[in-house]
Amino acid sequence: WTIHLYTYLAIALSFMHQVLIGPMFLGHPLNKLYWEFLYIAAAAIIIIWRAVIPTAKSFRHNLRVEQIVVEGPGVASIVMKGRGLKQLGAQGGQFFGWRFITRGQWWISHPYSLSAAPTDHYMRVTIKELGDHSSLIKKIKKGTRVFFEGPYGTFTASRASRGHIALIGGGVGITPIRALLEELDIEKEIDVIFRASKPEDILFKRELDELARIRGARIHYLIGSRKEHPMTPKYISKYLPAFKDSDVYVCGPTALVDAVREAAQEVGIPKNRFHDEAFEFHNI
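Every value quoted in this text rests on a predicted model; they were computed, and no experiment measured them.

Student: I tried to follow the overall build of the protein chain on my own but got confused; where do I start?
Tutor: A count of helical and extended segments in the protein chain gives six helices and 11 strands. C-alpha extents for the protein chain along the principal axes are approximately 70 × 45 × 35 Å. Burial analysis of the protein chain (284 residues in total) assigns 44% to the buried set. Counting contacts in the protein chain only where the partners sit at least 6 residues apart, residues at least 24 apart contribute 70% of the total. As displayed, the protein chain has an accessible area near 15000 Å², and 60% of this comes from carbon and sulfur atoms. The distance from the centre of the 36 positive side-chain charges to the centre of the 27 negative ones in the protein chain is 5 Å.

Student: It is not clear to me how the sheet that holds strand 5 (residues 122–128) should be interpreted in this structure. Could you clarify?
Tutor: Neighbouring strands of a sheet are bound in pairs by backbone hydrogen bonds; such pairs are parallel or else antiparallel. Taken together, three strands build an open sheet; the order of strands is 1-2-5 and the sheet is antiparallel. A single partner strand is all that each edge strand has here, and the edge strands are strand 1 (64–72) and strand 5. Pairs of neighbouring strands in the sheet enclose a mean axial angle of 20 degrees, with direction left out of account.

Student: Would you mind going over the layout of surface pockets with me for this structure?
Tutor: To locate leftover empty space, one rolls a probe as large as a water molecule over the atoms. Taken as a whole, the second largest pocket holds about 410 Å³ of empty space. Lining the second largest pocket are 21 residues, with Gly170, Gly171, Arg195, Ser197 and Pro253 sitting closest to its centre. Contributing elements (two or more residues each) for the lining of the second largest pocket: strand 8 (189–196) and helix 6 (254–266). No other element matches helix 6, which puts three residues into the lining of the second largest pocket. Looking at the lining of the second largest pocket residue by residue, the classes come out as 12 nonpolar, four polar and five charged.

Student: What should I look at first to understand the nonpolar core in this one?
Tutor: Among soluble globular proteins, nonpolar side chains are generally buried collectively. Ranked by internal contacts, the top residues of the largest apolar core, which has 26 residues, are Leu167, Ile174, Ile177, Leu181, Ile190, Val192 and Tyr249. Elements represented by at least two residues in this core include exactly strand 7 (164–170), helix 3 (174–183), strand 8, helix 4 (205–215) and strand 10 (247–252). Aside from chain neighbours lying at most four places away, what touches Ile177 is Phe155, Leu167, Ile168, Gly169, Val192, Tyr249 and Cys251. Judged by nonpolar contacts, the second largest core, of 19 residues, contains Leu63, Leu85, Trp98 and Leu114.

Student: Is there a simple way to think about helix 2 (residues 29–61) in this case?
Tutor: When the terminal C-alpha atoms of helix 2 are compared, their 46 Å separation across 33 residues agrees well with the 48 Å that a helix rising 1.5 Å per residue should span. Within helix 2, the axis deviates most sharply at Ile48, by approximately 35 degrees. Those residues of helix 2 not exposed but buried are Pro54, Ser58 and His61. Lining the buried residues of helix 2 we find strand 6 (146–152). Once helix 2 finishes, Asn62 follows within two positions and takes phi at roughly 50 degrees, a positive value.

Student: What should I look at first to understand unusual backbone geometry in this one?
Tutor: Of all residues except glycine, most have a negative phi; of all peptide bonds, most are trans. Of note, the amide linkage connecting Gly150 to Pro151 takes the cis form, showing an omega dihedral of 10 degrees. One can find Pro151 in strand 6. Phi is positive for Phe204, close to 60 degrees, though the residue is something other than glycine. Here Phe204 lies in the loop between strand 8 and helix 4.

Rules used in this analysis
Residues numbered from 1 in each chain as written. Predicted model: local features only at pLDDT ≥ 70, side-chain atom pairs only at ≥ 80, totals over all residues. Heavy atoms only, no water. Helix = DSSP H or I, 4+ residues; strand = E, 2+ residues; numbered from the N terminus. Buried < 20%, exposed > 50% of the residue type's maximum accessible area, 1.4 Å probe, protein only. Contact = heavy atoms within 4.5 Å. Areas by Shrake-Rupley, 256 points an atom, 1.4 Å probe, with all protein chains shown as cover. Lys, Arg positive; Asp, Glu negative; His and termini not counted. Charge placed at Lys NZ, Arg CZ, Asp CG, Glu CD. Pairing = 2+ DSSP bridges. Axes fitted to C-alpha atoms, helices over the stretch in contact; angles between N-to-C directions. 1 Å grid on protein atoms, 1.4 Å probe; cavity = no way out; pocket = protein on both sides within 12 Å on 5 of 7 lines; lining within 4 Å. Points joined across faces, edges and corners; volume = space filled by probe spheres on them. Nonpolar A, V, L, I, M, F, W, Y, C, P; charged D, E, K, R; others polar. Core = buried A, V, L, I, M, F, W, Y, C linked by side-chain atoms within 4.5 Å. Expected span 1.5 Å × (residues − 1). Bend = angle between axes of the 7 residues up to and from the residue.

Right, dumping it as structure tokens:
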């Protein structure tokens, strides 16, 4: 966030340097006018799309914190309530930039994925404490106004094209996977692999089991180290025999995403059937 601010400052300073002493502008008023127009247009686009539209949407939908739910050690969900949220066209697996209007939070936008399929009145995100501003989430009070930007991302159920879906999540990276499971076509065959280092890292187990029962999905909880559960084609196929003929969705730490990507490439899964989201810098 700080780098972004300094980038804007650098652009502004370089602009003044260019138009005041740049040889291509001295004595060339049309060049100068054209260059100024491009900068003003770019600035207007940033202000409209990064400030005006998100602020208008936030006031229109009146999103506020409804509840904070502790899901596990260092992990909490924020349930937010608003109005007319279906108008946003958000899907499970997408993320928003969230700005909680409270002390210590209002000035920074957090990119968190939805951890449940959105409804017309509710949206939920699930966050793991990292020792930065995410550690203050549990202190946010009910009724806190939420400004947002989005939705963003293509990690959605609508991209699935095959009859079998493989959903693979690691740690708190299970959050968009859980939202996807809720929205995938009930006629598709679905397998879920949930990788976690410890039993207490298994989030939403009750919700996942209930969704699996309703949708006829199979869930495989793999608890232990990477050596115990290597994401190789052979090991994945042990749980997902139809792996090479699947649409693959994977979300979690970069190491997990990279391992599943290599496995998918090895068995010949094309890029258009591999959908990934790395959670190194948000949600984990």
